[in-house]
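# Structure assessment
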Amino acid sequence: MNDSHVTIRQAGFADVRSIFTLIKENTDMLVPRSMSDVVQHVDRFLVAEANCEVIGTICYEFLPEIGDPLHTSVELQSVCVKEGWRKAGVGMKLVTSQIDRLRPLHPYQIIVLTFAEGFFEKLGFYRVPKESMMHKLYMGCINCSKHESPFTCPEQAMVLPLVEDFKVPVSV
């Protein structure tokens, strides 16, 4: 498919069912989300649209550093492109649009847990130990029912620093 007719835009309530369905169809690669969760966070979703159809989605979540708001991380979540549109630049457009949307907030870093390591490396992300993201693990991963523990999950932790004084995360 050609991405020249793809529009990236803010999601709205009319997109909730399409977002939910896209995520549900890809739970092998994504953490499932309930319909009510998508509704509650619709303001944090962007969608890719082609021919009046939602073909991709991305969301974010803030991960504040306790006692240090200047070191707030942002996690990219539910990054997904419909099967027939993959490898056409849609995912790249979604991620760069979401990052551009977040930059004015001056987050410390953007993180992602992913199976698509090569894709995120092209965008400047690099691998870090999961232990360097303990806040994320306790806020989200600890409740995931897909794996016994966040450390047995095969997803790769990656980070994109957004500040000049960024310190490379190390294992605890």
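Please read these numbers as outputs of a predicted model, since none were measured by experiment.

### Overview of the confidence of the model for the protein chain
In low-pLDDT segments, the atomic positions of the prediction should not be examined closely. For the protein chain, the average pLDDT comes to 86, and 81% of its residues sit at 70 or higher. When pLDDT is averaged over each element of the protein chain, strand E1 (residues 7–10) comes out on top at 98 and helix H5 (residues 134–139) at the bottom at 58.

### With respect to unusual backbone geometry
A positive phi angle, near 50°, is found at Ser78, a position not held by glycine. Its location among the elements puts Ser78 in strand E4 (residues 73–81). At His106, a position not held by glycine, the phi torsion is positive, near 60°. Position of His106 relative to the elements: it lies in the loop between helix H3 (90–102) and strand E5 (109–114).

### Brief notes about helix H1 (residues 16–24)
Every buried residue belonging to H1 is among Val16, Ile19, Phe20, Leu22 and Ile23, and all of these are buried. Along the axis of H1, the buried residues cluster in a sector spanning 165°; they form a single face. Exposed positions of H1 whose direction lies more than 90 degrees from the buried face are Arg17 and Lys24. Tucked into the core, H1 has its buried residues touching helix H2 (35–40), strand E2 (46–50), strand E3 (53–63) and E4.

### Describing the packing of aromatic side chains
Under the defined criterion, the tally for this structure stands at three aromatic pairs. Seen in terms of ring centroids, Phe119 and Phe120 are 4.9 Å apart; in terms of plane orientation they differ by 85°. Their pairing is edge-to-face. The class of Phe119 is partly exposed, set by a relative accessible area of 23%. Phe120 sits in the buried class, given a relative accessible area of 3%. For the pair Phe120 and Phe125, a centre-to-centre distance of 5.2 Å together with 80° between the ring planes defines the contact as edge-to-face. These aromatic residues form a ring-pair network of at least three members: Phe119, Phe120 and Phe125.

### With respect to the nonpolar core
If you look at the biggest cluster of nonpolar residues, it comprises 23 residues, and the most contacted ones within it are Leu76, Val90, Ile110, Phe120 and Phe125. Of the residues forming this core, the biggest block, five residues, is contributed by H3. Within the second largest apolar cluster, 13 residues are counted, among which are Ile19, Leu22, Val38 and Cys80.

### Topic: the side chain of Gln77
Position of Gln77 among the secondary structure elements: in strand E4. In this view, Gln77 contacts Arg33, Ile58, Cys59, Tyr60 and Glu61; residues no more than four positions away in its chain are not counted.

### Quick notes on the pattern of salt bridges
For the coordinates displayed, the defined rule picks out six salt bridges. With a closest N to O distance of 3.1 Å, Glu49 and Arg9 form a salt bridge. Residue Glu49 is located in strand E2, and its partner Arg9 is located in strand E1; the two are separated by 40 residues in the primary sequence. On the basis of relative accessible area, Arg9 is assigned to the partly exposed category, the value being 25%. In this structure, Asp37 engages Arg33 in a salt bridge whose closest nitrogen and oxygen atoms are separated by 2.6 Å.

What counts, and at which threshold
Residues numbered from 1 in each chain as written. Predicted model: local features only at pLDDT ≥ 70, side-chain atom pairs only at ≥ 80, totals over all residues. Heavy atoms only, no water. pLDDT = per-residue confidence, 0-100. Helix = DSSP H or I, 4+ residues; strand = E, 2+ residues; numbered from the N terminus. Buried < 20%, exposed > 50% of the residue type's maximum accessible area, 1.4 Å probe, protein only. Arc of directions from axis to C-beta. Contact = heavy atoms within 4.5 Å. Phe/Tyr/Trp six-rings, centres within 6.5 Å; stacked < 30°, edge-to-face > 60°. Core = buried A, V, L, I, M, F, W, Y, C linked by side-chain atoms within 4.5 Å. Salt bridge = Lys/Arg side-chain N within 4 Å of Asp/Glu carboxyl O.

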